[in-house]
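Okay, here's what each chain looks like letter by letter:
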Amino acid sequence: MTRHAIYPGSFDPVTNGHLDIVRRCRPLFDRVTVAVAVNPSKHPMFSVSERLQMLSETFAEFDHVEVASFSGLLVNFARDRQAQAIVRGLRAVSDFEYELQMALMNRRLAGTIETIFLMPSEEYTYLSSSIIKGVALAGGDVSSLVPPGVETLLKKKAHR
Ligand code: COA
């Protein structure tokens, strides 16, 4: 059986914290799908196709890491892809309550799909996509916090 995990998120944009989670989960699974959630109630800076493009470039050198987008329920996407696990990063205690709620709801919806939590490297525990967008739009240097292609795109948005 192929061990396949879905790593879902908004990825608006992908950061080095997300990259760190993929690096950590990659050896645990045969395949990892990084999945952009299409959420009509959010107002992202980057379109779904821009986010997919950023993710494809970020993970181009990673074996058996795919990128995709989905709408609707995450567990349906995971089932369609025959994935056994959902991977989520836990940055701090403050993530826990929301993540526990989601994990338990997903278990109720699809009892055979396990949620697995991974802790990012401590240097990324304070990162979020919003904080990076805020710093980049105000002209701050985010080069050590995001993949190089993402930094370029953030600079373009900042100069618009
Ligand atoms: N490094 C850096 N930042 C990280 C991170 C990491 N390792 N892990 C999480 N974050 C940040 C994200 O950048 C994001 O920041 P932002 O709020 O500033 O944009 C924030 O933490 C939230 O993370 P994200 O993974 O994007 O979560 P989300 O709440 O936007 O989406 C889904 C979570 C997609 C898994 C969830 O909404 C979902 O499953 N949606 C589909 C519908 C569904 O099935 N609903 C029922 C679920 S119970």
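The notes below deal with the structure included here. (Residues numbered from 1 in each chain as written. Predicted model: local features only at pLDDT ≥ 70, side-chain atom pairs only at ≥ 80, totals over all residues. Heavy atoms only, no water.)

## Points about the pairing of strand β2 (residues 31–37)
Regular strands place their side chains on alternate faces of the sheet. Under the convention used in this document: Exposure classes here rest on a 1.4 Å probe applied to the protein chains alone. A residue is buried below 20% of its type maximum, exposed above 50%, and partly exposed in between. In this description a helix means any DSSP run of H or I spanning at least four residues, a strand means any run of E spanning at least two, and both kinds are numbered starting from the N terminus. By the convention used here, strands pair only if DSSP detects at least 2 bridges between them. By definition, the crossover connecting two strands over a helix is right-handed if that path, from the first strand to the second, turns clockwise as seen with the strands pointing away from the viewer.
Here β2 lies mainly inside the structure; 5 of its 7 residues are buried. Pairing of strand β1 (residues 4–9) with β2, which is carried by 6 bridges, proceeds in the parallel orientation. Bridge pairing links P8 to A35 in β2. Each parallel crossover has a hand, and the one from β1 via helix α1 (residues 16–25) to β2 is right-handed. Examined bridge by bridge, β2 and strand β3 (residues 65–70) share 6 bridges and lie parallel to one another. Opposite A37, over in β3, you have F70 as the bridge partner.

## Some remarks on the pattern of salt bridges
Where we set the bar: We define a salt bridge as a contact between a side-chain nitrogen of Lys or Arg and a carboxyl oxygen of Asp or Glu at a distance within 4 Å.
Within this structure, the stated rule accounts for 9 salt bridges. A salt bridge links E50 to K157; the shortest N-O distance between them is 3.4 Å. Here E50 is found in helix α2 (residues 48–58), whereas its partner K157 is found in helix α6 (residues 148–158), with 107 residues between them in sequence. Residue class for E50 comes out partly exposed when judged on its relative accessible area of 26%. Taking the relative accessible area as the measure of exposure, K157 reaches 18% and is therefore buried. Its salt-bridge partner being K155, residue E151 comes within 3.3 Å of it at the nearest N-O pair. Of this pair, E151 and K155 both sit in helix α6, 4 residues apart, which is roughly one turn of that helix. A relative accessible area of 18% means that E151 is categorised as buried.

## A closer look at the packing of helix α5 (residues 129–137) against α6
Put simply, the rule reads: Axis lines are fitted to C-alpha atoms, over the contacting stretch for helices. Their N-to-C directions set the angle, which ranges from 0 to 180 degrees. Roughly parallel covers angles under 35 degrees, roughly antiparallel covers those over 145, roughly perpendicular covers 65 to 115, and oblique covers all other angles. Handedness of a crossing is defined here by the sense of rotation of the near helix relative to the far one, left-handed for an anticlockwise turn of less than a right angle and right-handed for a clockwise turn. Residues are treated as being in contact if the distance between any of their heavy atoms lies within 4.5 Å. Throughout, the ten residues Ala, Val, Leu, Ile, Met, Phe, Trp, Tyr, Cys and Pro are labelled nonpolar, Asp, Glu, Lys and Arg are labelled charged, and all others, Gly among them, are labelled polar.
Between α5 and α6, whose axes approach to 9 Å, the crossing angle comes to 55 degrees. One finds that α5 runs oblique with respect to α6. In this structure, α5 meets α6 at a crossing whose hand is right-handed. Every residue of α6 that contacts α5 at I132, K133, A136 and L137 is listed here: L154, K157 and A158. Taken together, the residues of the contact of α5 with α6 sort by class into 5 nonpolar, no polar and 2 charged.

## Examining the site of the ligand
Convention followed: Residues are counted as near a molecule or strand when any one of their heavy atoms sits within 4 Å of it. Within 3.5 Å is the distance limit for a polar contact, defined as a pair of N or O atoms, with the added protein rule that one can donate a hydrogen and the other accept it, and that residues adjacent in sequence qualify only through two side-chain atoms. The protein chains shown are the only cover counted for residues, whose accessible areas, like all others here, come from Shrake-Rupley with a 1.4 Å probe. Lining residues are those with an atom within 4 Å of a point, where the points come from a 1 Å grid over the protein atoms alone and group into cavities, where a 1.4 Å probe fits but cannot get out, or pockets, open sets with protein on both sides within 12 Å along at least five of seven lines. Grid points define the cavity or pocket, and a molecule sits in it when more than half of its atoms lie within 2 Å of them.
In the region of the ligand, 23 residues are neighbours, and S10, K42, Y98, S129 and S130 sit closest. Within the contact set of the ligand, an oxygen atom lies 2.6 Å away from a side-chain nitrogen or oxygen of S10. One of the backbone N or O atoms of L74 is found 2.8 Å from an oxygen atom in the ligand. Against a free-state accessible area of 940 Å², the protein chains account for coverage of 81% of the ligand. Under a 2 Å grid-point criterion requiring more than half of the atoms, the pocket assigned to the ligand is the largest pocket. When its residues are assigned to classes, the shell around the ligand shows 10 nonpolar, 10 polar and 3 charged.

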